[in-house]
Amino acid sequence: QVQLVESGGGLVQPGGSLRLSCAFSGSIFQIYNMGWYRQTPGNERELVAQITDGGSTNYDESVKGRFTVSRDNAKTTVYLQMTSLKPDDTAVYYCNARRVTFTTAPRDFWGQGTQVTVSS
């Protein structure tokens, strides 16, 4: 059973920094790509950053140079370091785990979400 537990959200002023954490538990025999998504009212959930099992990263254009996604060596925790935060970054942030298999379609697992509010 895959479980994702997020922490680190809160209120921060524009230009400030915040680090989100996602504690991951799952099968060590499965391959997972991890990511961070965010969602605002009335909009679809959108990709912010992702990191593959091999360590490759990908970022949405709006956060390049400001956000950094990382993973510990044991692959039990995923981080999203956010700097130079803007009001437009305000959203509920979700941790995502995508299980990759060779026999079935990939399956997504989600955390409960954590609120990030950037406001003066």
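Anything mentioned here points back to the structure above.
What follows concerns the overall build of the chain. Across its full length, the chain holds zero helices and eleven strands. What you see in the chain, going N to C, is helices and strands ordered as β-β-β-β-β-β-β-β-β-β-β. The globule rule puts the C-alpha radius of gyration for 120 residues at 14 Å, and the 14 Å found for the chain is close to it. When burial is assessed residue by residue, the chain has 37% of its 120 residues classed as buried.

Membership of the largest hydrophobic core comes to 28 residues, with the highest contact counts inside it found for Met34, Trp36, Leu80, Met82 and Tyr93. Those elements that provide at least two residues to this core are β3 (18–25), β4 (31–39), β5 (46–51), β7 (67–71), β8 (77–82), β9 (91–100) and β11 (114–118). Dropping the residues within four chain positions of it, leucine 80 is found in contact with Leu18, Arg19, Leu20, Trp36, Val48, Ala49, Phe67, Thr68, Val69 and Tyr93.

Inspection of the secondary structure assignment puts alanine 49 in strand β5. Through-space distance from the C-alpha of alanine 49 to that of phenylalanine 67 is 8.1 Å; in sequence the pair is 18 residues apart. If sequence neighbours within four positions are ignored, alanine 49 has contacts with Gly35, Trp36, Asn58, Tyr59, Val69 and Leu80.

The rules behind each value
- Residues numbered from 1 in each chain as written.
- Predicted model: local features only at pLDDT ≥ 70, side-chain atom pairs only at ≥ 80, totals over all residues.
- Heavy atoms only, no water.
- Helix = DSSP H or I, 4+ residues; strand = E, 2+ residues; numbered from the N terminus.
- Rg over C-alpha atoms; globule rule 2.2 N^0.38 Å.
- Buried < 20%, exposed > 50% of the residue type's maximum accessible area, 1.4 Å probe, protein only.
- Core = buried A, V, L, I, M, F, W, Y, C linked by side-chain atoms within 4.5 Å.
- Contact = heavy atoms within 4.5 Å.

Everything listed is a geometric property; what it means functionally is a separate question.
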